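Structural description and commentary
Read off the chains here:
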Amino acid sequence: MVTIDKFNFNGKKAIVRVDFNVPLDENGKVTDDTRIRGALPTLKKVLADGGAVIMMSHMGKPKGKVNPKLSLSQIVPNVSERLGVEVKFADDCGKAAEAAAALQPGEALLLENLRFYPEEEGKPVGIDKADPAYDEAKKAMKASQKEFAKTLASYADVYVNDAFGTAHRKHASTAVIADYFDENSKMLGYLMEKEVTAIDNVLKNAQHPFTAIIGGSKVSSKLGVIKNLLDKVDNLIIGGGMGFTFFKAQGGSIGDSLHEDDLMPEALNVLKAAEEKGVKISLSVATVAGNKFSNDAEQKIFETHSIPDGWEGMDASPASLKIWKEIILNSKTILWNGPVGVFEFPNFAKGTGEIAKYVAEATQNGAYSLVGGGDSVAAVNKFGLADQVSYVSTGGGAMLEAIEGKILPGVAAIVGEK
Ligand code: AMP
């Protein structure tokens, strides 16, 4: 396998899958270009070596149809400015052979939104899964997906995947295309490398004690994550709304707190499995509750098993935070996914802010910390601590699937399924 740092792009054309799925305002102006900036090290390396770069990405969910509101032409000025070269644009990603062939070393071309073609995602359109003809349609679509991937591959000598945000998707541009390059002509980009290393640092090479902090709203969305982590961590802190499913399952009164009745047996299974595996689970002992789901709700602290009706748990209490602080500060590896309260309401954000501080402090003391998958990233950003943890992942869904132990097709297509 080749690595981007060692590869010399001189005289070569590289097709780079980037994640330029950036938010736009109603005038088509980019409102947050974090994702464009994230791809720059890879793009600049190709150009600095004397190569030419062909960038391809999706934007939004056009569902296989051309949609001018989701045209990547809108971001050309922004990409040009960030990259420092005038970016050319090919307004049909499936018919860009001429534009690609004309590219000279040092030049950059952006292809139109890949998802204007249904072949990108490879799902049959306009046919229901229950339709008897669905399987045939799916087979036909998979065949045309290969053709589409082959066309994209034909534009370039080298394929680079730097789109971690879509690494959990087996799409034409994220995985299938890799089949059309030999192993010396495909590689991960710098951003992908960083993400993969961060995942390996916690899932494969963790120093112990290893603590995972899992918060957020629902057990259902984190069950896979929790189950996979039970084989790896020493401590599992469970906070946020999902804790209440555990308390109710244990027979507690949780008032009006968020919970999922159908997940109660699974919650008890998790507790049992943790005990068997010697993992210390730390649920909150008391909660800051509100008398309505609102920032200006009246606040009262209750023990987590004794919340009266009319009150719902909305933030971590000082008593829980004291216990969690000690666990976090004694850890050598920390993985944090999900806020421990309704942090969007400033009056209920204290617990999540404290966790962010403890993770930053532990990092300062030498622990490795990875924050990723969803709202915990927004939380460390909100509290200005993103640069004080070891790594903040850029990919919500991809990071979650990786923590669940799933193979990411975008990574496996290049490095194999290890
Ligand atoms: P997730 O996407 O599963 O990580 O969940 C993040 C969401 O969980 C955030 O929007 C939080 O407001 C929400 N959340 C965290 N704690 C609670 C709670 N105690 N009650 C309701 N929502 C919560």
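These numbers come from a predicted model, not from an experiment. (Residues numbered from 1 in each chain as written. Predicted model: local features only at pLDDT ≥ 70, side-chain atom pairs only at ≥ 80, totals over all residues. Heavy atoms only, no water.)

What the protein contains, in helices and strands, is 14 helices and 17 strands. Taking 22 Å as the expected radius of gyration for a compact globule of 418 residues, we find that the protein reaches 23 Å, a close match to that expectation. Here the C-alpha coordinates of the protein stretch approximately 70 × 55 × 45 Å along the principal axes. Buried residues in the protein amount to 55% of all 418 residues. At a minimum sequence separation of 6, the contacts of the protein that also span at least 24 residues come to 72%. About 18400 Å² of surface is accessible on the protein, with carbon and sulfur atoms providing 48% of the total. (Helix = DSSP H or I, 4+ residues; strand = E, 2+ residues; numbered from the N terminus. Rg over C-alpha atoms; globule rule 2.2 N^0.38 Å. Buried < 20%, exposed > 50% of the residue type's maximum accessible area, 1.4 Å probe, protein only. Contact = heavy atoms within 4.5 Å. Areas by Shrake-Rupley, 256 points an atom, 1.4 Å probe, with all protein chains shown as cover.)

Let us now look at the domain arrangement of the protein. Assigned domains within the protein: domain 1 (4-188) and domain 2 (197-403). Here domain 1 and domain 2 have C-alpha centroids that lie 36 Å from each other. Contact with domain 1, which involves four residues of that partner, is made by eight residues of domain 2. Taking both sides of the interface into account, the surface hidden between domain 1 and domain 2 amounts to around 440 Å²; carbon and sulfur atoms contribute 69%. Broken down residue by residue, the surface that domain 1 buries against domain 2 is led by F164, G165 and H168, which jointly contribute 91%. Joining domain 1 to domain 2, the criterion identifies zero salt bridges. At the boundary of domain 1 with domain 2, the tally comes to zero residue pairs in polar contact (both at pLDDT 80 or more). (Domains from an automatic or database assignment. Buried area = accessible area lost by both parts, 1.4 Å probe. Salt bridge = Lys/Arg side-chain N within 4 Å of Asp/Glu carboxyl O. Polar contact = N/O pair within 3.5 Å; in protein donor to acceptor, adjacent residues only side chain to side chain.)

With that out of the way, let us pick up the pairing of strand 15 (residues 333-337). The element strand 15 is largely enclosed, with a buried count of five among its five residues. Going residue by residue along strand 15, you find T333, L335 and N337 tucked away on one face and I334 and W336 tucked away on the opposite face as well. Inspection of the sheet shows strand 7 (residues 210-214) paired to strand 15 by five bridges, in the parallel sense. Across the sheet, I214 pairs through a bridge with N337, a residue of strand 15. In this fold, strand 15 hands off to helix 11 (residues 350-364), which returns the chain to strand 16 (residues 368-371); that crossover is right-handed. (Pairing = 2+ DSSP bridges. Right-handed = clockwise from strand over helix to strand, strands pointing away.)

A word on the packing of aromatic side chains. Scanning the entire structure with this criterion turns up six aromatic pairs. Relative to F247, the ring of F244 has its centre 5.7 Å away and its plane inclined at 75°; by these criteria the two rings are edge-to-face. A residue pair is termed a helical-turn pair when its members lie 3 or 4 positions apart in one helix, as F244 and F247 do in helix 8 (residues 243-249) at three residues. Per residue, the accessibility class of F244 equals that of F247, and both read buried. (Phe/Tyr/Trp six-rings, centres within 6.5 Å; stacked < 30°, edge-to-face > 60°.)

What follows is about the sheet that holds strand 7. Within the open sheet, the six strands sit side by side as 10-8-7-15-16-17. Their pairing is parallel. Sheet topology places strand 10 (280-283) and strand 17 (391-392) at the edges, where each strand pairs with a single neighbour. The pairing of strand 16 with strand 17 spans two bridges and is parallel. Its bridge partner being in strand 17, V371 is matched across the sheet by V392. With respect to the sheet, helix 6 (residues 190-203) is in contact with strand 7, strand 15, strand 16 and strand 17, its orientation differing from that of strand 16 by roughly 120°. Contacts between helix 10 (residues 318-329) and the sheet are confined to strand 7, strand 8 (235-238), strand 10 and strand 15, with strand 8 contributing the most and set at about 145° to the helix. (Axes fitted to C-alpha atoms, helices over the stretch in contact; angles between N-to-C directions.)

Our next topic: the pairing of strand 16. As paired strands, strand 15 and strand 16 are joined by four bridges and run parallel to one another. Across the sheet, L335 pairs through a bridge with L370, a residue of strand 16.

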